[in-house]
Amino acid sequence: MVLTSGDLCSSHWLSLLGFPGAMLSEVLLVSAPGKVILHGEHAVVHGKVALAVALNLRTFLRLQPHSNGKVDLSLPNIGIKWAWDVARLQLLDTSFLEQGDVTTPTPELVEKLKEVAGLPDDCAVTESLAVLAFLYLYLSICRKQRALPSLDIAVWSELPHGAGLGSSAAYSVCLAAALLTVCEEIPNPLKDGDCVNRWTKEDLELINKWAFQGERVIHGNPSGVDNAVSTWGGALRYQQGKISSLKRPPALQILLTNTKVPRNTRTLVAGVRNRLLKELIDMNQHHLNALGVGHASLDQLCQVTRARGLHSKLTGAGGGGCGITLLKPGLEQPEVEATKQALTSCGFDCWETSIGAPGVSIHSATSLDSRVQQALDGL
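Residues numbered from 1 in each chain as written. Predicted model: local features only at pLDDT ≥ 70, side-chain atom pairs only at ≥ 80, totals over all residues. Heavy atoms only, no water.

By the naming in an unreviewed UniProt entry, the chain is mevalonate kinase, taken from Rhinopithecus roxellana. UniProt's Sequence similarities (unreviewed entry) comment on the chain is quoted here verbatim: "Belongs to the GHMP kinase family. Mevalonate kinase subfamily." (UniProt positions renumbered as here; feature names shortened; annotations may be inferred.)

Here it is in structure tokens:
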């Protein structure tokens, strides 16, 4: 076998010759759910219990190894297409990345990542943080490879960003799972004939640890609940970093309403610190209003649904964003449709959905519908 200079610049020959640091060559398709917090969205930051459930709106990631010497990142939801030269990244002094199992993104590390990213000064905050989180996870996880891998990564989400539904956590979870798998830090659980599969408990714990660090790049001081529910799925009780799954989570149908009022989790969490089911939903919402994280749009949502005998509250940081409405068992579909129409008439987006979705998963190409495939292609 003759190796050209192009071959020597790629990681493909490493796997052929059996060198350490070999990586998988197949396309990976990964998804992770969003989340809603039923109760405790601000109390969790202060050591109290939060009840979080996985939402069956998901983020999808496609990772394709290639040999063009580039790392390409495409985020069609926010209009990002970015590429780095692997050879340039390989020459970087990455001593700022600690040598432990999981690197902690300090403010100094994030500043160095900004230099590496080469983002323009006018890059919006959302776009900038998404790119920095990717670059942090790519360099941190892949630096153990003999050569940094050349990859094409596309991420598309059914979740609106900045709406309190854990879109950044689902993004970080997908990235962590895909990068750990392609670098063979964890095995690919998808077997021949599988449409979808999930990782072992031990592997999910490692995915969750890395995803939390990605969340720290984006949010500064997150509670960890968003990445945990996106990793594990189902319903979780979360308190002071301790996670326990609910054995029999309730099967709840909900209306999810996006007020389309943008909010900033970091600012709202700081505001609460400084100011330090059924009818219980209403009481919870009143408490959150007293903390200063309500919004006129959320009050309007509650009024519209209360007039129809339903109960709603914000989910996430508040200050706008999304709210959830519990749909009582036996509620007739015409009543659901009328409520959705009333909320849409207020200028809101509204979905009829359910909670308790599976956590991060890996899919076969044939198991994803054409809508997802086209979105990942940027169409």
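### A closer look at the overall build of the chain
If you tally the helices and strands in the chain, you get 13 helices and 13 strands. Per-residue burial for the chain yields a buried fraction of 51% across its 379 residues. As presented, the chain carries roughly 17,100 Å² of accessible surface, and 53% of it is formed by carbon and sulfur atoms. (Helix = DSSP H or I, 4+ residues; strand = E, 2+ residues; numbered from the N terminus. Buried < 20%, exposed > 50% of the residue type's maximum accessible area, 1.4 Å probe, protein only. Areas by Shrake-Rupley, 256 points an atom, 1.4 Å probe, with all protein chains shown as cover.)

### With respect to the packing of helix α5 (residues 125-142) against helix α6 (residues 167-182)
At a minimum axis distance of 10 Å, the contact between α5 and α6 shows a crossing angle of 25 degrees. Compared by their axis directions, α5 and α6 come out roughly parallel. For the crossing formed where α5 meets α6, the hand is right-handed. The residues of α6 that touch α5, namely those facing A130, A133, F134, L137, Y138, I141 and C142, are Y171, S172, L175, A176, L179 and L180. Residues of the contact of α5 with α6, tallied by class, amount to 12 nonpolar, 1 polar and no charged. (Axes fitted to C-alpha atoms, helices over the stretch in contact; angles between N-to-C directions. Parallel < 35°, antiparallel > 145°, perpendicular 65-115°, else oblique. Left-handed = near helix turned anticlockwise from the far one by under 90°. Contact = heavy atoms within 4.5 Å. Nonpolar A, V, L, I, M, F, W, Y, C, P; charged D, E, K, R; others polar.)

### Section: the layout of surface pockets
By volume, the second largest pocket amounts to about 350 Å³. As for the second largest pocket, its lining consists of 18 residues, and the residues nearest its centre are E205, N208, W232, L236 and I243. Going through the elements one at a time, α7 (201-219), α8 (225-232), β7 (235-239) and β8 (242-245) are the ones with two or more residues in the lining of the second largest pocket. Among the elements that line the lining of the second largest pocket, the one with the most residues is α7, at 5 residues. Residues that form the lining of the second largest pocket fall into these classes: 6 nonpolar, 9 polar and 3 charged. (1 Å grid on protein atoms, 1.4 Å probe; cavity = no way out; pocket = protein on both sides within 12 Å on 5 of 7 lines; lining within 4 Å. Points joined across faces, edges and corners; volume = space filled by probe spheres on them.)

### Some words on the environment of L113
Mapped onto the elements, L113 comes out in helix α4 (residues 107-117). Taking the C-alpha atoms as reference, L113 lies 9.6 Å from F96; in sequence the two are 17 residues apart. With near-sequence residues (within four places) excluded, L113 lies in contact with F96, L132, L135, Y136 and L139.

### Some thoughts on the pairing of strand β5 (residues 151-157)
Burial analysis of β5 places 6 of its 7 residues in the buried class, the great majority of the element. Bridge count between strand β2 (residues 50-65) and β5: 7 bridges; the pairing is antiparallel. Within the sheet, the bridge partner assigned to T59 lies in β5 and is S157. The sheet contact formed by strand β3 (residues 70-75) and β5 spans 4 bridges and is parallel. Directly across from S74, in β5, lies its bridge partner A154. (Pairing = 2+ DSSP bridges.)

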